[in-house]
Amino acid sequence: IKQALELIQLNQTLIKEYDLYETSPQSFGAICGGSVTLFFEPLYRPPTLLIAGAGHVGIALAQSAHVLGMYVVVIDDRPEWANKDKIPWADQILVGEIPTTVTNYPLDHNTFIAAVTRAPHLDEEIVFQIIHKPLAYIGMIGSQRKVQMVFDKLRERGLTEEQLATIYAPLGLEIKAETPQEIAISI
């Protein structure tokens with residue numbers, strides 16, 4: 001267990017032989033004799049994509065992320081949109097006030113966030129609440145005008161240019177995407 005925990009911290013694999021004799025310091029108390037060879041490989045949970053917004057783009061994004069093997073979490077405040085019938089690909093669906101629910105979700109360095117809500121003030125609040133968390137990625141959907149407007153409000157709230165530079169906005173690659181499915185692929 002000690003060896004496995006150390007290798008997880010170092011993100012390394014290892015093949016190690018252990019003697020199983022009582023007199024061997026490597027026997028870890030085994031007295032059966034012989035030896036055993038163990039292969040250690042850190043296994044991590046898949047990356048989590050937290051989708052804030054269960055509209056058309058959020059639904060399409062959930063499907064694409066599921067196909068890619070991500071753990072998909074969808075958050076929205078509208079139960080008629082955020083449910084298993086509409087988003088069967090989601091591993092988890094949370095219905096509640098969007099910025100608060102996003103903020104209260106266990107976020108870490110393996111979490112990617114896509115803010116694709118229906119309203120700029122929701123995206124602004126999400127970004128403001130999570131900007132200090134150790135995340136893999138923060139993206140926000142929107143036109144250049146919307147992004148500029150949200151960033152201006154975030155500056156007024158004290159966010160620095162360095163912090164704003166960590167937000168991918170507008171979200172997705174520029175591939176002339178128009179449909180929700182195309183937008184999901186661009187993301």
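The structure contained in this document is the topic of the report that follows. (Residues numbered from 1 in each chain as written. Predicted model: local features only at pLDDT ≥ 70, side-chain atom pairs only at ≥ 80, totals over all residues. Heavy atoms only, no water.)

Overview of the overall build of the chain
Threshold: Counting from the N terminus, the helices are the DSSP runs of H or I reaching at least four residues and the strands are the DSSP runs of E reaching at least two. Radius of gyration: over C-alpha atoms. The globule rule applied is 2.2 Å multiplied by the number of residues raised to the 0.38 power. Residue exposure (1.4 Å probe, protein chains only): buried if accessible area is under 20% of the type maximum, exposed if over 50%, otherwise partly exposed. Residue-level accessible areas treat just the shown protein chains as cover; the underlying method is Shrake-Rupley with a 1.4 Å probe.
In terms of regular secondary structure, the chain is built from seven helices and eight strands. Relative to a compact globule of 187 residues, whose C-alpha radius of gyration would be 16 Å, the chain shows 22 Å and is clearly more extended. Counting the 187 residues in the chain, one finds 41% classified as buried. Summed over its atoms, the accessible surface of the chain is roughly 10,900 Å², and 56% of this surface lies on carbon and sulfur atoms.

As for the pattern of salt bridges
Here is the rule: Salt bridges are defined by distance alone: a side-chain nitrogen of Lys or Arg within 4 Å of a carboxyl oxygen of Asp or Glu.
Applying the stated rule across the entire model yields nine salt bridges. Lys 146 is the salt-bridge partner of Asp 123, the closest N and O atoms lying 2.4 Å from each other. Taken together, the positions of Asp 123 in helix α4 (residues 120–130) and Lys 146 in helix α5 (residues 144–156) put the pair 23 residues apart, joining distant regions of the chain. For the pair formed by Asp 123 and Lys 146, the shared burial category is buried. A salt bridge links Glu 124 to Arg 157, with the nearest nitrogen and oxygen atoms 3.1 Å apart. Within this pair, whereas Glu 124 is found in helix α4, its partner Arg 157 is found in the loop between α5 and α6 (161–164), the two being separated by 33 residues in sequence. Given a relative accessible area of 11%, Glu 124 falls into the buried group. Residue classification places Arg 157 among the partly exposed residues on the basis of a relative accessible area of 32%.

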